[in-house]
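Coordinates in review
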Amino acid sequence: ATRIVLASRPKGDATLDDFRTETAQIPAPEDGELGLRTIWLSLDPYMRGRMNDGPSYAAATEIGEVMTGEVVAEVTESRDPRFVAGDIVLARIGWTTHGIVRGAEARKLDPDLAPVSTALGVLGMPGQTAWVGLNEILKMQRGETLVVGAATGAVGGVAGQLAKRAGLKTVGIAGGSEKCAYAVENLGYDVCLDHRDPDLAQELEALTPQGVDCYFENVGGKVLEAVLPRMNQDGRIAICGMVAWYSPEGLQDPPTLPPVWRTILTKRLRVQGFLVFDHADKLQPFLDEVGPLVGGGDLHYRESVAEGLEAAPQAFLDMLKGGNFGKQLVRVGAD
Ligand code: NDP
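In this text, all values refer to a predicted model and were calculated from it rather than measured experimentally.

Conventions and cut-offs
Counting from 1, residues in each chain are numbered in the order their sequence is written. Restriction of local features to residues with pLDDT of at least 70 applies here, the model being predicted, together with a cutoff of 80 or more for giving and counting side-chain atom pairs; totals for whole chains, interfaces and linings are based on all residues. Boundaries between domains were set according to an automatic or database domain assignment. Contacts here follow a simple rule: the backbone-placed C-beta atoms of the two residues must lie within 7 Å. Side-chain classes follow a simple rule in which Ala, Val, Leu, Ile, Met, Phe, Trp, Tyr, Cys and Pro form the nonpolar group, Asp, Glu, Lys and Arg form the charged group, and the remainder, Gly included, forms the polar group. Think of it this way: take the backbone, place a C-beta atom on it, and check whether that atom is within 6 Å of the molecule or strand, in which case the residue is near it. Runs of E in the DSSP output that reach at least two residues are strands. Runs of H or I that reach at least four are helices, and both are numbered from the N terminus. For the exposure call, what matters is how many other C-beta atoms sit within 10 Å of a residue's own: 20 or more marks it buried, 12 or fewer exposed, and in between partly exposed, using C-beta atoms placed from the backbone. Whether two strands pair comes down to DSSP finding at least two bridges between them. Comment: axis = line fitted to C-alpha atoms, over the contacting stretch for helices; angle = value between 0 and 180 degrees taken between N-to-C directions. These descriptions rest on fixed angle ranges, namely under 35 degrees for roughly parallel, over 145 for roughly antiparallel, 65 to 115 for roughly perpendicular, and the rest for oblique. Two helices cross in a left-handed way if the nearer one is turned anticlockwise from the farther one by less than a right angle. They cross in a right-handed way if the turn is clockwise. UniProt positions are given in the numbering used here, feature names are shortened, and annotations may be inferred rather than shown by experiment.

**As for the domain arrangement of the protein chain**
- The domain boundaries assigned to the protein chain delineate domain 1 (2–121 + 301–331) and domain 2 (125–277).
- The straight-line distance from the C-alpha centre of domain 1 to that of domain 2 is 28 Å.
- Across the contact, 16 residues belong to domain 1 and 15 residues belong to domain 2.
- Among the residues making up the side of domain 1 that touches domain 2, the classes are represented as 6 nonpolar, 5 polar and 5 charged.

If you want it as structure tokens, here you go:
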């Protein structure tokens, strides 16, 4: 197998030197295990956190260890009676062309329902994150105004559309005019603002005369600074991620804490962080609702595809800076 390991812990922004490509012999699967050949690898912002040492909600990737990640793969050999060679599964084997997984930890996919790559995006972890954030954390209500950061991304793209369908006013914030146009024309946002616009805060103020009831926080940074003053009394913020601050360089000029804290108090905000893996029981309700929307073409999604496993590190670094347009995938092997 070819695989990509963590070569060093990033100092400042991650670079290509922090990754190394290796070849390795994959053993034959044992009882209860599956041999896999990767077709699609998902690249996700959380992987940047795993490159750092120190306490977090999940263990750091060790130096020399394969980069963590979910894949869609073909079963090449099955020692689990629930699977046969040729099945397509979702599994967590990381940045590798081949690997082994326990059958109990793989989920079989039905290629007739939707293209299997969607199990990593719109019908996978990012889509479920959007669903949980809106329904379980923000408890969105018809008629409210919602702001979504990284509005055209894997999570944001689903969040905006589900909220629109639920009758909210949706404001997207994304990087650049092309993404903003797509957000309005294809994802149904009522408006979309460019976070690189120096007048972002003033524009958001002008566009939200009724204030903001719900903020789906993916970004932090300038986006948070613009949204926070617009929050209505009793507003809710779901902290899903803060990608602007995933590299230490992004942290050089953070908003200071006292005014942030004061806003939470005076506006009586409810601010709640959440991790999608605590909501595994919502996978089925999410799929029941969003699966048919995707199958029927009523929910739009976009994928950015990098070709070949060796392209993964650069595609990953680009994604952290907005180089992706929709869900970032790597095509590792043929369908
Ligand atoms: P995206 O597809 O949204 O890709 C990341 C995007 O972040 C980029 O495309 C870019 O969009 C945006 N971005 C990067 N830097 C900045 C910046 N400085 N300011 C504003 N925007 C920036 O990734 P995902 O949809 O997979 O993830 C979105 C967020 O959700 C992340 O924070 C991620 O960590 C979080 N997440 C959390 C989960 C949980 O369980 N809590 C689960 C899954 C994801 P643009 O070009 O528009 O700026």
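**Some thoughts on the site of the ligand**
- For the ligand, the set of nearby residues contains 32 residues, the closest of which are Gly153, Gly175, Gly241, Ala244 and Gly322.
- Counting residues per element, the ones that place at least two in the shell around the ligand are α2 (125–138), α3 (154–165), α6 (221–227) and α9 (312–320).
- Split by residue class, the shell around the ligand holds 18 nonpolar, 11 polar and 3 charged.
- Of the residues that make up the shell around the ligand, three or more belong to each of domain 1 (2–121 + 301–331) and domain 2 (125–277).

**Here we look at the pairing of strand β6 (residues 98–102)**
- Burial of the side chains of β6 is restricted to one face: Gly99 and Val101 are buried, whereas none of His98, Ile100 and Arg102 on the reverse face is.
- When strand β3 (residues 33–42) meets β6, the two strands line up antiparallel, connected through 5 bridges. Looking across to β6, one finds that Glu33 is bridged to Arg102.

**A short note on the packing of α2 against α3**
- One can describe the packing of α2 onto α3 by two numbers: an axis separation of 8 Å at closest approach and a directional angle of 45°. The angle between α2 and α3 places the two elements in the oblique class. For α2 against α3, the interelement crossing comes out right-handed. Where α2 abuts α3, its residues Pro126, Gly127, Thr129, Ala130, Trp131, Gly133 and Leu134 lie against Ala154, Val155, Val158, Ala159, Leu162 and Ala163.
- A class-by-class count of the residues in the contact of α2 with α3 yields 10 nonpolar, 3 polar and no charged.

**So, the sheet that holds strand β10 (residues 191–194)**
- Here we have 6 strands laid out as an open sheet, ordered β10-β9-β8-β11-β12-β13, and parallel in their pairing. Among the strands making up the open sheet, the edge pair consists of β10 and β13 (270–273). Averaged over all adjacent pairs, the angle separating strand axes in this sheet is 15°, with direction ignored.
- When strand β12 (residues 231–239) meets β13, the two strands line up parallel, connected through 4 bridges.

**A look at the UniProt feature "domain: Enoyl reductase (ER)" (unreviewed entry) in the protein chain**
- Annotation from UniProt places "domain: Enoyl reductase (ER)" (unreviewed entry) at residues 14–330.
- Here residues 14–330 is 27% helix and 24% strand, with 19 Å between the C-alpha atoms at its ends.

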